[in-house]
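Results of the structural survey
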Amino acid sequence: MLKLIKYDIMQNYHIYFVEYALYLILCLVVPFLPDTLSSIVMMFMTLFVMIVMLFNVGTIIYNYYQSMFGKQAYLTLTLPYNTHELFASKVIAAFLWIIISFVILFLGMLIIGMLLGSQYVDLQEFLTLMSFSGDVFTQFMMSWDFWQAILLILLTILAFVITGFTLCTVVQTKYTRKNKLLWLIGIFFVFSMIYNYINIVIVNTAWYQQFYYTTMQYLGFWFTEGLGTIIWVIIAYFVNVYILEHMIEIQ
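Since the model is a prediction, treat every value here as computed from it, not as a measurement. Counting from 1, residues in each chain are numbered in the order their sequence is written. With the structure being a predicted model, the display of local features is reserved for residues of pLDDT at least 70 and the display and counting of side-chain atom pairs for 80 or more, all residues being used for whole-chain, interface and lining totals. Side-chain measures were taken over the full set of non-hydrogen atoms in the model, leaving aside hydrogen atoms and water.

Considerations on the overall build of the protein
- The secondary structure listing takes helices from DSSP runs of H or I that are at least 4 residues long and strands from runs of E that are at least 2 residues long, numbered from the N terminus. Across its full length, the protein holds ten helices and zero strands.
- When the elements of the protein are put in sequence order from the N terminus, they spell out α-α-α-α-α-α-α-α-α-α.
- Residues are treated as being in contact if the distance between any of their heavy atoms lies within 4.5 Å. Considering only residue pairs separated by 6 or more positions, the protein has 77% of its internal contacts joining residues 24 or more positions apart.

A look at a nonpolar patch on the surface
- Only residues above 30% relative accessible area that lack a salt bridge enter a patch, with like-charged residues linked at up to 9 Å and the nonpolar side chains Val, Leu, Ile, Met, Phe, Trp and Tyr linked at up to 5 Å. All accessibility values rest on the Shrake-Rupley procedure with a 1.4 Å probe; residue burial counts only the protein chains present in the view. Criterion for a salt bridge: a side-chain nitrogen of Lys or Arg within 4 Å of a carboxyl oxygen of Asp or Glu. Nonpolar side chains collect at one region of the surface, where Phe189, Val190, Met193, Ile194, Tyr197, Ile198, Ile200 and Val201 lie side by side and expose about 780 Å² of accessible area between them.
- Mapped onto the fold, Phe189 is located in helix α8 (residues 180–202).
- Each residue gets one of three labels from its accessible area relative to the maximum for its type: buried under 20%, exposed over 50%, partly exposed in between, using a 1.4 Å probe on protein chains only. Classification of Phe189 by relative accessible area gives exposed; the value is 53%.

Section: the side chain of Glu19
- Along the chain, the position of Glu19 falls in helix α2 (residues 13–29).
- Residues within four places of Glu19 in sequence aside, it is in contact with Phe48, Val52, Phe55 and Asn56.

Quick look at the environment of Leu86
- Looking at the secondary structure, you find Leu86 in helix α5 (residues 83–120).
- Residues Leu86 and Met68 lie 18 residues apart in sequence; the distance between their C-alpha atoms is 9.0 Å.

Thoughts on empty space enclosed by the protein
- Cavity means a closed set of points on a 1 Å grid over the protein atoms alone, one where a 1.4 Å probe fits but cannot get out, pocket means an open set with protein on both sides within 12 Å along at least 5 of 7 lines, and lining means a residue has an atom within 4 Å of a point. Grid points are joined across faces, edges and corners, and a volume is the space filled by probe spheres set on the points. Counted by the stated rule, this structure contains two cavities of 30 Å³ or more.
- As a volume, the largest cavity reaches approximately 150 Å³.
- Along the wall of the largest cavity there are 13 residues; nearest its centre are Asp8, Gln11, Ile60, Asn63 and Lys90.
- Residue assignment for the lining of the largest cavity shows that the elements contributing at least two residues are α3 (35–69) and α5.

Observations concerning the layout of surface pockets
- As a volume, the largest pocket reaches approximately 880 Å³.
- Residue assignment for the lining of the largest pocket shows that the elements contributing at least two residues are α7 (144–170), α8, α9 (206–219) and α10 (221–246).
- The biggest single contributor to the lining of the largest pocket is α10, with eight residues.

Structural notes on helix α1 (residues 2–10)
- Those residues of α1 lying buried are Leu4, Ile5 and Asp8. Along the axis of α1, the buried positions cluster into a sector of 100°, meaning they face one direction only. In this structure, α1 carries Leu2, Lys3, Lys6 and Tyr7 as exposed residues pointing more than 90 degrees from its buried face. As used here, the arc belongs to the directions running from the helix axis to the C-beta atoms.

Now the structure itself:
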């Protein structure tokens, strides 16, 4: 399975690296530009980041579609791995690339902040400020709430990946042979309605409120908030695996 993950990660690494390198170079240059030019470049960078994230997500979903249902599917499905390994490897690879994207994005913002800060205060004050910020961040990292919040963020990203893959998978059956895009939109619309119904109706019931506060009391706020996400990830995972094993149609 590690070979599958490695292959999926390395499949488009050169494209991602070019994007990240260009972004980090801009982050190093922007603080030293004149104010008028700097504001224009910052607007460009904001647009660039949005385009990069959308492109990366689109690339991840497109690669999944091609490898599982397109021309590459015959090769993928004949590999000596079971369905769980094939699907899990693609989820893990996509999850890691999105995490890397967020880390690079945060690193670029940190670089801009540090370079701009060093221009407006002297070196001693800047080092003192950085030391103080580091101590505060270290103390924050030592708290259990911090790691629960990180876990919730990771769960949300994982749910996003699996949801995207699920939408690709559920329209690959004999029941959705034609007009796959319309089926995709329709399924997404129905899923959104069900999700909103759960949030509006079930979440406001007395039994759910009791369950929520009891769970929060024993397991904590962040874990309780992520419980629904965990349930959805498990359901979506097994729905994907079942369809891949019993219901897909390869182009």
